[in-house]
Amino acid sequence: MQHLTILTTGGTIDKIYFDDKSTFQIGEPQIGQILTSLGVSFTFDVQSLMRKDSLHMDAADRAAIRQAIETQPHRHVLVTHGTDTMVDTARALAGLAGKVVVLTGALNPALFNRSDAVFNIGCAVGAVQTLPDGIYIAMNGRIWNPAQVRKNREANRFESDQ
């Protein structure tokens, strides 16, 4: 892989905490800074498609993500996404040809200590370089087939739905 296209959609990975409001809001995408600080040896570009909590995403948002992937000149695409509906979006992307697409996110904001964001991004970057064309999810140290995974909200992790 010489170049990685990164599409950001929001979600917990990009949430920031505002003390004065006692709420979380989705901030600037963090993945570019993370990859730069790690000194990756490939080029990448970051395109912010939207800044939404995935619970607020709808079919039109998923269609926009699909179109953005289809129009990319590069084969390797990483999508940062909120974890609550990541599986829904991955399933909506099924059938894309000529692309390796990996969705990832975080269960805790990237700016927090002990966030899983950097680990998940690393898994996703490794996966997007080595997998055949298709749609995948990289979470909790595993690469998942979207047709065979679910988010277990009670345990706050992804697991097989088989």
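Report follows, based on the coordinates. Small disclaimer: the values here were computed from a predicted structure and weren't measured. Residue positions are given per chain, counted from 1 along the sequence in the order it is written. Reporting in this predicted model follows two pLDDT cut-offs: at least 70 for local features of residues, and 80 or more for side-chain atom pairs to be given and counted; totals over whole chains, interfaces and linings ignore these cut-offs and use all residues. Side-chain calculation: all heavy atoms of the structure are included, whereas hydrogens and water are not.

Moving on: the environment of F119. Secondary structure elements follow DSSP: runs of H or I of four or more residues count as helices, runs of E of two or more count as strands, with numbering from the N terminus. With respect to the helices and strands, F119 occurs in helix α4 (residues 117-130). Considering only alpha carbons, one finds F119 and A106, 13 residues apart in sequence, at a separation of 9.0 Å. Residues in contact with F119, not counting those within four places in the same chain, are N140 and G141. Throughout, a residue-residue contact means that at least one pair of heavy atoms, one from each residue, lies within 4.5 Å.

Moving on, we get to the nonpolar core. Ranked by size, the top nonpolar core spans 22 residues in total, and within it I69, L93, V101, L103, I137 and F158 carry the most contacts. Within the residue set of this core, elements represented by two or more residues are α2 (59-70), β5 (76-80), α3 (86-92), β6 (100-104) and β7 (134-139). For F158, the contacting residues outside a window of four places in its chain are T83, M86, V87, I137, M139, N140, W144, V149, R150 and K151. Counting residues in each nonpolar core, the second largest holds 20 residues, with I31, L35, V102 and I121 among its members. What makes a nonpolar core is a set of buried Ala, Val, Leu, Ile, Met, Phe, Trp, Tyr and Cys residues whose side-chain atoms join them at distances within 4.5 Å. With a 1.4 Å probe rolled over the protein chains alone, any residue whose accessible area is under 20% of its type maximum counts as buried; one over 50% counts as exposed, and the rest are partly exposed.

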